[in-house]
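Tertiary structure, described
Spelled out, the chains give:
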Amino acid sequence: MTATEQLVKGTRERPAQAPLRRFAGPGAVALLVCVLPLVLQDYQLSLVNSALIAALGALALTVVMGFVGLVTAGNAALLALGAYGAAMGGAEMGLPFPVVVVGTVLAGGLVGLLAGLPALRVTGIYLAIATLALHFIVVFAFNEYQTQAVGSAGFFLPIATIGGLAIDTTFKWYVLLAIVVLFTWWMVQNLKRSKYGRAWMLIRDTPLAAASQGISLSTYKLSAFIISSALISMSGAFLAYSQQTVYIESFTLELAIQYIAMVIIGGMGSAGGAIAGAAFVILLPTILSRLIALLPPDMYAAGFLQQNLGDFQLIMYGTLVVVFLIWRPDGIAGLARALSTMFLPGRRESAKR
Amino acid sequence: MNEPLLQVRGLTVSYGGGSVAVDQVDLDVHDGEVCLVLGANGAGKTSLLRGIGGFAASERGRVRSGKVLIGGADVTGRPPRTMVGHGVVLVPEENKVFRTLTVGENLRAAPMTGDRGSRRELLDEVVSLFPFIRERMDLPAGQLSGGERQLLGIARALLLKPRLLMVDEASLGLSPIAVRKVFDSLHSLVAAKGMTLLIVEQNVRAARAIADRAHVMVSGTFALSGPAREVLESEQVRRTYLGLEV
Amino acid sequence: MLSLLVGALVLSAIYALVGFAWVLLRRTNGILNLATGAQLALGAFIFNQYATSWGLPWPVVVLGTLATVVALGAVTHWLIFRKLAGQPEFALVVATLGLASALKGLSSLTWGTEARVMREPVEGRVVELLDGVSTTLYGIFGLVAALVVFAAAHAFFRYSTTGIRMRAAAENSVLASQGGIAVDWVYVLGWAIALTAAAIAGIMYAYQTTLSFHGVDALGLRGIAPALVGGLTSIKGVIPGALIIGLAETFGVKLFGGSAQDVAAWVVILVVLLIRPQGLFGEKQVERV
């Protein structure tokens, strides 16, 4: 499908939607958000919290990778930026939590501007190189800072408080994160439908057509990267506060690839898919280790699998990225759409177009 | 009459699953025949040649339906390299030579078949057809004139021993003198080697001398087909392609 | 001072080999291969498996490593990148990231993460070049290896028919296919040559330091710096690029301490992107709008 067709489709299809279907999706999401804390145990809910934080990053990454089609390897660096921003602001300077969050958003945007500006004057591929450089330089800088400030154990953060209310239980974190993720989701969806979103996708699909319409490619690409960087940095701050510790070893290039895996597995360009991808990637290790626990404990393979779970994770994320790219570039979101077309005849019409 | 060398039946070519560029075209080309396809820009002429000659996996174009047979063998939708193996060689409209390679390297890049002696012989024969090649052997092909690039593209195609040579817009962007040179070469190819040609051309006057059959293409289909003389003398073609000069 | 320069030169030789692997794949296969680091390490670990763990005779080690690496290159193309033909460049780059992750997991699973010392064909002595200026024997091996690879590559692309066809396919893969060139085999060859150069670099580096996935992987990724300085698609450009990175890293470590090794190349990359993103020898790729 060409971008122009998509443009036309985007404006034409929405009024035709039946009201039931329009509210079914958000309704189901709202129900899920309310039911989860009631049925899950504390540990399980904390996993959901991890998935929600990852979902923030994945949503942000969807803007730059899914909408504009740029590769960035700087996700771990931007997470580190937010986390170390939180450590500096929250632990070292004693600033309140909301101020720290706003600060990390601004810092993320600024770093995005600095890293993206030189790279995006050239073709998109240079952003991958610049963000790779960003990763190693940022990790190096924070490593030096951490060694000098507190040593290798890393930073400990205070409990986050908003206006006197301490976020000190898993459930409170869940409520906060659910609100933030839903808001970000809504924002990303709106961005996608806005003038910017349409321009981004035009740039992704037919750069020549975009340029001929007077869209400045580098400005639009840069704006997407800045928005995405700011949001990922913010999710780094949430990560730091919810775990209450920050240390440099957690910010590896493999972490950056994990976030890319979320976007690819979820389905490029789909915000809902990014959230599903984040949940999948975060929950996979737990599910795997549960499955392994089902094996007879004296089996050699069971012990081997359990001991090397981290390596298997790397292999699975990497393989899934490649498999989805080849087999279903539209990811879980595309799969879900295809399945709903099969089982809900009413949707067939719109999917065909 | 014998079975045609090339049989095209109901060929439909589309790009990216969307727009249809060639719509249900039938075409026969017999051994030793020169077949001309005329048409306005965007009529689907290039897509027709590409549909016969095949698309690479990296391209958006696809043969959506129909059949292409070479000497009776079904070769529909095969990639270009397989088509070369079947003797169907295309000299494309743009980028007919490797610009960063020298003229000599352009020729060496062609995977020739046969033993050493016969390869040498064919190379000498082709170079003698296009004498400029000998003088420009070490020049990057990007620095050749447009006409020379066209001839080098044809020379490279000849090294692949085509049974059917397809040339897309040989005269495009060339000066009248260069056009004459290119078509003189094509003419001598046909006369000397009995080459079977399928050419797309807008310059009707240049093509008239060599064409046996002609087809006029309009929005993806043949609007008019027949012996070249009749088609080119028809009112429609005279008005559209030859203007008042003829 | 002269000692430092010799050290920089020895390091540059390794960077030249890594940069060659980056540039070759970018140019021939059109792929920015972010799995280069992991592949460098993989090549070195395979070599180590044959040489140290199994203690095979040296000719078998060399030929076995070569055969394995070439086979890996073929598998990489047929299993992954052939299937991605026609997809945007974006998908290719992301696929290399996925590949990097999977290879790291495989390597760590098979060989662990601790550093190893490889069996040496000859004792790694210190060689005195001039009075007070010395380097190791394996440093000289690295230099020789880089010279041999670049000379062989030059001759191959210039004079051999296969090399000429590779250049043709690199310039225009559709025209190459229309000209009867087996483009898929060109891509397989591209992977095979790049992975071989990468393995040589990884092995030489491991002999000069120790063999660890982390160390060799990081080196392989930093190897994008000489490639970028040279213009990403120019094999000639890699040589000055490697010299610049070798000097930057050597003097960075001298001035700022050992940890500068990790970032010197990346700082050079940012500087190059700022002032001359197309590199010293690259064609201008700025988007025309």
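Preceding block: the structure.
Here the structure is a predicted model, which is why all the values come from computation and not from measurement.

Conventions used here
Residues numbered from 1 in each chain as written. Chains lettered and ligands numbered in written order. Predicted model: local features only at pLDDT ≥ 70, side-chain atom pairs only at ≥ 80, totals over all residues. Heavy atoms only, no water. Helix = DSSP H or I, 4+ residues; strand = E, 2+ residues; numbered from the N terminus. Rg over C-alpha atoms; globule rule 2.2 N^0.38 Å. Contact = heavy atoms within 4.5 Å. Lys, Arg positive; Asp, Glu negative; His and termini not counted. Charge placed at Lys NZ, Arg CZ, Asp CG, Glu CD. Buried < 20%, exposed > 50% of the residue type's maximum accessible area, 1.4 Å probe, protein only. Areas by Shrake-Rupley, 256 points an atom, 1.4 Å probe, with all protein chains shown as cover. 1 Å grid on protein atoms, 1.4 Å probe; cavity = no way out; pocket = protein on both sides within 12 Å on 5 of 7 lines; lining within 4 Å. Points joined across faces, edges and corners; volume = space filled by probe spheres on them. Nonpolar A, V, L, I, M, F, W, Y, C, P; charged D, E, K, R; others polar. Phe/Tyr/Trp six-rings, centres within 6.5 Å; stacked < 30°, edge-to-face > 60°. Lys NZ or Arg CZ within 6 Å of the ring centre and 35° of its normal. Pairing = 2+ DSSP bridges. Expected span 1.5 Å × (residues − 1).

Moving on, we come to the overall build of chain A. From N to C terminus, chain A includes 16 helices and four strands. Here the C-alpha atoms of chain A give a radius of gyration of 21 Å, agreeing with the 20 Å that 2.2 N^0.38 yields for 353 residues. For chain A, the C-alpha atoms occupy an extent of roughly 55 × 55 × 45 Å along the three principal directions. Sequence separation of 24 or more characterises 77% of the internal contacts of chain A that already satisfy a separation of 6 or more. Side chains of chain A carry 20 positive and 13 negative charges; the gap between the two charge centres is 19 Å.

The secondary structure content of chain B amounts to 10 helices and 10 strands. For 246 residues, the compact-globule estimate of 2.2 N^0.38 gives 18 Å, and the C-alpha radius of gyration of chain B, at 18 Å, lies within 12% of that figure. The principal-axis extent of the C-alpha atoms belonging to chain B is close to 45 × 40 × 40 Å. The proportion of buried residues among the 246 residues of chain B is 52%. Restricting to contacts in chain B with at least 6 residues of sequence separation, those with at least 24 account for 68%. Total accessible area on chain B is roughly 11000 Å²; 48% of this is exposed by carbon and sulfur atoms.

Right, let's talk about empty space enclosed by the protein for a bit. The full count for this structure, using the stated rule, is three cavities of 30 Å³ or more. Approximately 90 Å³ is the volume attributed to the largest cavity. Lining the largest cavity, in full, are Leu253, Glu254 and Ile257 of chain A together with Leu34, Gly37, Ala38, Leu97, Ala100, Lys104, Phe213, Asp217 and Leu221 of chain C. In the lining of the largest cavity, the residues fall into eight nonpolar, one polar and three charged. Along its surface, the second largest cavity is lined by Val89, Leu90, Val91, Pro92, Lys96, Gly153, Arg156, Ala157 and Leu160 of chain B together with Leu175, Gln178 and Gly179 of chain C. Of all elements in the fold, only β6 (88-91) and α6 (146-158) of chain B together with α7 (173-178) of chain C reach the threshold of two or more residues within the lining of the second largest cavity. A per-class count over the lining of the second largest cavity returns seven nonpolar, three polar and two charged.

Glancing now at the packing of aromatic side chains. Between two aromatic rings, the relevant description is the distance of the centres plus the angle of the planes. As enumerated under the stated definition, the model contains 26 aromatic pairs over all chains in all. Centre to centre, the rings of Phe47 of chain C and Tyr207 of chain C are 6.1 Å apart; their planes meet at 85 degrees, and the pair counts as edge-to-face. Pair noted here: Phe47 of chain C is in helix α2 (residues 36-53) and Tyr207 of chain C is in helix α8 (residues 183-208), with a separation of 160 residues, a long-range link. With 5.2 Å between their ring centres and 85 degrees between their planes, Tyr138 of chain C and Phe141 of chain C make a pair best called edge-to-face. You can see Tyr138 of chain C and its partner Phe141 of chain C sitting in helix α5 (residues 137-159), three residues apart, about one turn around the helix. Judged by relative accessible area, Phe141 of chain C falls into the partly exposed class, the value being 30%. The lysine or arginine in question, Lys195 of chain A, covers the ring of Tyr196 of chain A, its NZ or CZ lying 5.2 Å from the ring centre. Across from the ring centre of Trp58 of chain C, 4.3 Å away, lies the NZ or CZ of Arg119 of chain C, which sits over that ring.

With that settled, consider the pairing of strand β10 (residues 221-227) of chain B. Residue and element names in this part refer to chain B. Relative to β10, strand β9 (residues 213-218) runs antiparallel, the two sharing six bridges. The residue of β10 that forms the bridge with Arg213 is Pro227. Here β9 hands over to β10 after two residues, with Ser219 in that stretch at a positive phi of 35 degrees.

Attention now moves to helix α10 (residues 217-243) of chain A. Residue and element names in this part refer to chain A. The terminal C-alpha atoms of α10, which comprises 27 residues, lie 39 Å apart, in line with the 39 Å expected from a rise of 1.5 Å per residue. The buried fraction of α10 is high, at 19 of 27 residues. Two residues or fewer past α10, Gln244 is found with a positive phi of approximately 60 degrees.

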